[in-house]
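Observations on the three-dimensional arrangement
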Amino acid sequence: MDPARAQPLLTISVFDDLVDSKDLALVRCDIINRGIEEDEGYKLCKYLIDDYSENEEFESVQTFNKKPESFDLDDFIKEKEKRWIEADDGTAGSNVIETTSEEKK
């Protein structure tokens with residue numbers, strides 16, 4: 001596999017125009033490649049938001065960014081796969097993910 005030839009599967013756009021006035025950011029996720037199903041794209045977007053908005057999940061983001069030598073990729077993948085398989089929260093197909101800045105505190 002040549003990483004230089006990798007095609008994006010989805011794009012995620014964050015619109016933060018309302019953060020200061022309404023404490024609200026809008027997120028748009030677009031599937032741009034048939035290599036991923038709509039529900040998979042939704043889950044990826046949701047888990048990405050969770051990783052940045054939930055303190056426990058954010059620890060892995062901080063470790064990856066600030067102490068990459070301490071980041072265990074295999075454990076991270078194993079945990080995410082477990083979470084992916086166990087996730088049956090009925091949100092597949094839903095177009096709204098709600099989170100607030102309060103959840104991050």
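Below is a short write-up of the structure. (Residues numbered from 1 in each chain as written. Predicted model: local features only at pLDDT ≥ 70, side-chain atom pairs only at ≥ 80, totals over all residues. Heavy atoms only, no water.)

1. Topic: unusual backbone geometry
- Backbone geometry at D23 places phi at a positive 55°, although glycine is not the residue there.
- In this structure, D23 sits in the loop between helix 1 (19–22) and strand 2 (26–31).
- Given a relative accessible area of 42%, D23 falls into the partly exposed group. (Helix = DSSP H or I, 4+ residues; strand = E, 2+ residues; numbered from the N terminus. Buried < 20%, exposed > 50% of the residue type's maximum accessible area, 1.4 Å probe, protein only.)

2. Section: the packing of helix 2 (residues 38–53) against helix 4 (residues 73–86)
- Contact geometry for helix 2 and helix 4: axes closest at 12 Å, N-to-C directions at 125°. The angle between helix 2 and helix 4 falls in the class oblique. Considering the relative orientation of helix 2 and helix 4, their crossing is right-handed. Mapping the contact onto sequence places E40, K43, L44, Y47, D50 and D51 in helix 2 and K80, R83 and W84 in helix 4.
- Here the contact of helix 2 with helix 4 is built from residues that sort into three nonpolar, no polar and six charged. (Axes fitted to C-alpha atoms, helices over the stretch in contact; angles between N-to-C directions. Parallel < 35°, antiparallel > 145°, perpendicular 65-115°, else oblique. Left-handed = near helix turned anticlockwise from the far one by under 90°. Contact = heavy atoms within 4.5 Å. Nonpolar A, V, L, I, M, F, W, Y, C, P; charged D, E, K, R; others polar.)

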